[in-house]
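Coordinate inspection notes
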Amino acid sequence: MNGLHSVLARQLRRLGLDERTPPPDAATWAALLTRVSAAYTDGDNERYTLERALAVSSREMRELYEARARAEARQAALREVATCVAAGNDPTHVADLAMSAVRALLPGTETRVRWITGDVGEPPEDLPAHLASVVTCGTPRRREMSGITEVAVPALAAGRVRAILKVMVVDDPDEAEQLLTDLADLVALATVNAEAAEHLAAKADTDALTGLANHRVFQERLELEVRRAQRHGRALSVVVGDIDEFKHVNDSYGHQAGDRVLAVAGRQLAEAARASDLAARIGGEEFALILPETDGMGAMAVAERLRERLQEEPIPPVGRVTISLGVCALTDAESAGELLNRADLAMYWSKANGRNATSRWTPDAAAAVGAASGVVGAQRIRALTAIRALARAVETRNPFLRGHSDRVADLAHALALELGWPAGRAAALRRVALIHDVGKVGLPEHLLTVPDTFSAEDLTRVRHHAILGAELVSELMDAEHVSWLRHHHERVDGTGYPENLRGDAIPDGARLLAVADTWDALVSDRPYRAACCPEVAMDECRRVAGTQLWEPAVYALDRLVARGVVEALTRHAGEASRAAVPWV
């Protein structure tokens, strides 16, 4: 027998048989059959076991593959949502994408997002109790409902629940909760990013000190509002305000006090504005309001309320401050630029009329002031403010001159009135006196502090300061007023400078300035001598009356000293100037 099965051959050999030798008896044959049957049974068992092992292995592999596929799909979904967050998308868009991912990964689930605007511990009143606990505790919650599990997970960031992500699942709530937790973190991150972006945008659009809109935002909004008002025929007005005597606040109380004044003014302006208005800080101490749907009379009322409220609130340590305001309505302007410029000009009218006032630009008002001179007047005030700053810089460089121009201005004004000058002309002399030393800005430091004796070269440079000062203001003041500044160092006997004028050839304002300047020099400390007492100073002025100084002015000074007027002016130096001169 050829090709005997190996199992059968093996069993025959165990019985001492082979394929050519028949079994000797029935018992041997039965044993052979039993062993062969057992061998086949073992073979069947081995095959079953192998097949079973292969089936289990195949299922496990399939499950492993499916688990891996689910994990990859989940990771892909998380990456997509994370990319959406990184791109700076709106949190609602991120949440919608996250819920779409949940429905794709967990088919048959229902999803919902509930946004929370309150703080932790203060859930919205309409929120069900089981969801309210998610907000108060900041942890996930589950609720069983007829074979369906509701899973709610908080999107928590910076200590506050921003949203609740909720799903309804039939199977595997653990997987649903883990998926929602991962997605909730991304939604929370999107809300934080959005808040940070809003904060940065707000910083770019607002003034850091007052919290009001800055100049750029104001200009952009003004252009839009003007176009809208013109297109629809609606009312629109602008209010411009400038804190009065703000430089005096900084000089007297320091910049921290100045910042406090600006902050209070900004708050008052914000409180005066409606939701549709725009309040802005458009300059150092200059503010503005855009008032849509408001005519000129309405804007005047808003400005007056603001002015009254500001002056009623004391600001430590400054006390009460005031603001000058200007108003213009779009009916009196043709463009955004013209509207703002005319409101600004009206503000300068308020400054020129004694401050703490509101003026409105209208064609009639401009005609009364003089339209051309009015525009020049606003520019002139700005330029004179700069000139005054230069004059103050001279005094800052030399501590012995500090406050000198204020004192000279007050005394020159008092002398003019004592000699019967009209109030307007006396006021003009005050303005000139405030900047009479501005030409010294061109002198080197050592020439401001040395004694009265100079080398010939230095003397020429010192005497040139009167000419330089006159040139600086030549286009900003009347010719007569410029001559007062140019010649205030001339002497009655012709020994002065810059042109050696004599007697009545010297402009009368320059003669008065010379007396006021000399008096303050005598009663003030200098690097080369101590201050004289008033009696000694008056004796010296009398001694040079008729030679250096103009006698009528010296006599007027004597009367003012005797009545105590000069002493009072010294105690309150500069106060009258700040009240009367818009560019001080």
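Residues numbered from 1 in each chain as written. Predicted model: local features only at pLDDT ≥ 70, side-chain atom pairs only at ≥ 80, totals over all residues. Heavy atoms only, no water.

Section: the environment of Leu 306
Looking at the element boundaries, Leu 306 is found in helix 9 (residues 296–312). On the basis of relative accessible area, Leu 306 is assigned to the buried category, the value being 5%. (Helix = DSSP H or I, 4+ residues; strand = E, 2+ residues; numbered from the N terminus. Buried < 20%, exposed > 50% of the residue type's maximum accessible area, 1.4 Å probe, protein only.)

With respect to the packing of aromatic side chains
A ring pair, where both rings are aromatic, is described by two values, the distance of the centres and the angle of the planes. By the definition in use, this model includes 1 aromatic pair. The ring of Trp 361 carries the charged tip of Arg 342 above its face, separated from the ring centre by 4.0 Å. (Phe/Tyr/Trp six-rings, centres within 6.5 Å; stacked < 30°, edge-to-face > 60°. Lys NZ or Arg CZ within 6 Å of the ring centre and 35° of its normal.)

What about the side chain of Glu 150?
With respect to the helices and strands, Glu 150 occurs in strand 3 (residues 148–157). According to the relative accessible area criterion, Glu 150 is buried, its value standing at 3%. Of the polar contacts made by the side chain of Glu 150, one reaches the side chain of His 130; its length is 2.7 Å. (Polar contact = N/O pair within 3.5 Å; in protein donor to acceptor, adjacent residues only side chain to side chain.)

Observations regarding the packing of helix 13 (residues 404–418) against helix 18 (residues 508–522)
Packing of helix 13 against helix 18 leaves a shortest axis separation of 9 Å and a crossing angle of 130 degrees. In terms of axis orientation, helix 13 runs oblique to helix 18. Crossing geometry of helix 13 relative to helix 18 is assigned as right-handed. Contacts between helix 13 and helix 18 involve His 404, Arg 407, Val 408, Leu 411, Ala 412, Leu 415 and Ala 416 on the former and, on the latter, Leu 512, Leu 513, Val 515, Ala 516, Asp 517, Trp 519 and Asp 520. A breakdown of the residues in the contact of helix 13 with helix 18 according to their chemical character gives 10 nonpolar, 1 polar and 3 charged. (Axes fitted to C-alpha atoms, helices over the stretch in contact; angles between N-to-C directions. Parallel < 35°, antiparallel > 145°, perpendicular 65-115°, else oblique. Left-handed = near helix turned anticlockwise from the far one by under 90°. Contact = heavy atoms within 4.5 Å. Nonpolar A, V, L, I, M, F, W, Y, C, P; charged D, E, K, R; others polar.)

What to know about the pattern of salt bridges
Going through the model one piece at a time under the given rule, you end up with 38 salt bridges. Ionic pairing is found between Asp 277 and Arg 274, a salt bridge with its closest N-O pair at 2.7 Å. For Asp 277, a relative accessible area of 8% gives the class buried. Notably, a salt bridge pairs Glu 418 with Arg 563, separated by 2.8 Å at the nearest N-O pair. (Salt bridge = Lys/Arg side-chain N within 4 Å of Asp/Glu carboxyl O.)

Here we look at the packing of helix 18 against helix 20 (residues 551–562)
Taken N-terminus to C-terminus, the directions of helix 18 and helix 20 make an angle of 50 degrees; their axes are 9 Å apart at the nearest point. The pairing of helix 18 with helix 20 is recorded here as oblique in orientation. Like other packed secondary-structure pairs, helix 18 and helix 20 cross with a definite hand, here right-handed. Residues Leu 512, Val 515 and Trp 519 of helix 18 form the contact with helix 20, whose participating residues are Ala 553, Val 554, Leu 557 and Val 561. Broken down by class, the residue content of the contact of helix 18 with helix 20 amounts to 7 nonpolar, no polar and no charged.

Overview of the sheet that holds strand 6 (residues 278–281)
Spatial ordering of the open sheet is given by 6-7-5-8-9, a layout of 5 strands whose pairing is mixed. The open sheet is flanked by strand 6 and strand 9 (358–360), the only strands paired with a single partner. Each adjacent strand pair in this sheet contributes to an overall mean axis angle of 15 degrees, direction not counted. Helix 10 (residues 336–352) rests against strand 5 (236–243), strand 7 (286–292), strand 8 (323–329) and strand 9 of the sheet, and its axis sits at about 145 degrees to strand 8. (Pairing = 2+ DSSP bridges.)

A few points about the environment of Arg 274
Along the chain, the position of Arg 274 falls in the loop between helix 8 (255–272) and strand 6. Placed 18 residues apart in sequence, Arg 274 and Pro 292 show a C-alpha to C-alpha distance of 9.6 Å. When residues no more than four places from it in sequence are discounted, the contact partners of Arg 274 are Leu 291, Pro 292 and Thr 294. A polar contact of 2.7 Å, which involves the side chain of Arg 274, links it to the side chain of Asp 277.

Some thoughts on a nonpolar patch on the surface
Together, Leu 390, Val 441 and Leu 472 give the surface a local cluster of nonpolar side chains, amounting to about 180 Å² of exposed area. Here Val 441 is to be found in the loop between helix 14 (423–434) and helix 15 (445–449). (Patch = residues over 30% accessible without salt bridge, like charges linked within 9 Å, V, L, I, M, F, W, Y side chains within 5 Å. Areas by Shrake-Rupley, 256 points an atom, 1.4 Å probe, with all protein chains shown as cover.)

Topic: helix 13
An α-helical turn contains 3.6 residues, so a residue and the one three or four places further along point in the same direction. In this model, helix 13 (15 residues) spans 21 Å end to end at C-alpha, consistent with the 21 Å of a helix rising 1.5 Å per residue. Counting buried positions over the 15 residues of helix 13 gives 12, a clear majority of the element. Three or more residues of helix 13 are buried, namely His 404, Ser 405, Asp 406, Val 408, Ala 409, Asp 410, Leu 411, Ala 412, His 413, Ala 414, Leu 415 and Ala 416. Count one or two residues on from helix 13 and you reach Gly 420, which has phi positive near 85 degrees. (Expected span 1.5 Å × (residues − 1).)

Some details on the environment of Ala 235
Inspection of the secondary structure puts Ala 235 in the loop between helix 6 (215–232) and strand 5. In the structure, Ala 235 is positioned 96 residues away from Thr 331 in sequence and 7.7 Å away in space, judged by C-alpha atoms. In this view, Ala 235 contacts Ala 229, Pro 292, Glu 293, Thr 294 and Asp 295; residues no more than four positions away in its chain are not counted.

Let's talk about a positive patch on the surface
Residues Arg 10, Arg 13, Arg 14 and Arg 35 make up a contiguous surface patch of positive charge. A per-element tally of the positive patch places helix 1 (residues 6–14) first, with 3 residues. With respect to the element layout, Arg 10 can be found in helix 1. Accessibility expressed as a relative area gives 34% for Arg 10, which makes it partly exposed. (Lys, Arg positive; Asp, Glu negative; His and termini not counted. Charge placed at Lys NZ, Arg CZ, Asp CG, Glu CD.)

Looking at the pairing of strand 7
In terms of burial, strand 7 is largely enclosed, as 7 of its 7 residues are buried. Burial of the side chains of strand 7 extends over both faces: Glu 286, Ala 288, Ile 290 and Pro 292 are buried on one face and Phe 287, Leu 289 and Leu 291 on the other. Looking at chain direction, strand 6 and strand 7 are connected through 4 bridges and run antiparallel. In the strand pairing of strand 7, Ala 280 is matched with Ala 288. Counted between consecutive antiparallel strands, the loop separating strand 6 from strand 7 contains 4 residues.

Notes on the pairing of strand 8
The buried count for strand 8 comes to 7 of 7 residues, which makes it a mostly enclosed element. Pairing geometry for strand 5 and strand 8, over 7 bridges, is antiparallel. Across the sheet, the residue bridging to Val 240 is Gly 326, located in strand 8. Alignment of strand 8 against strand 9, held across 3 bridges, turns out to be parallel.

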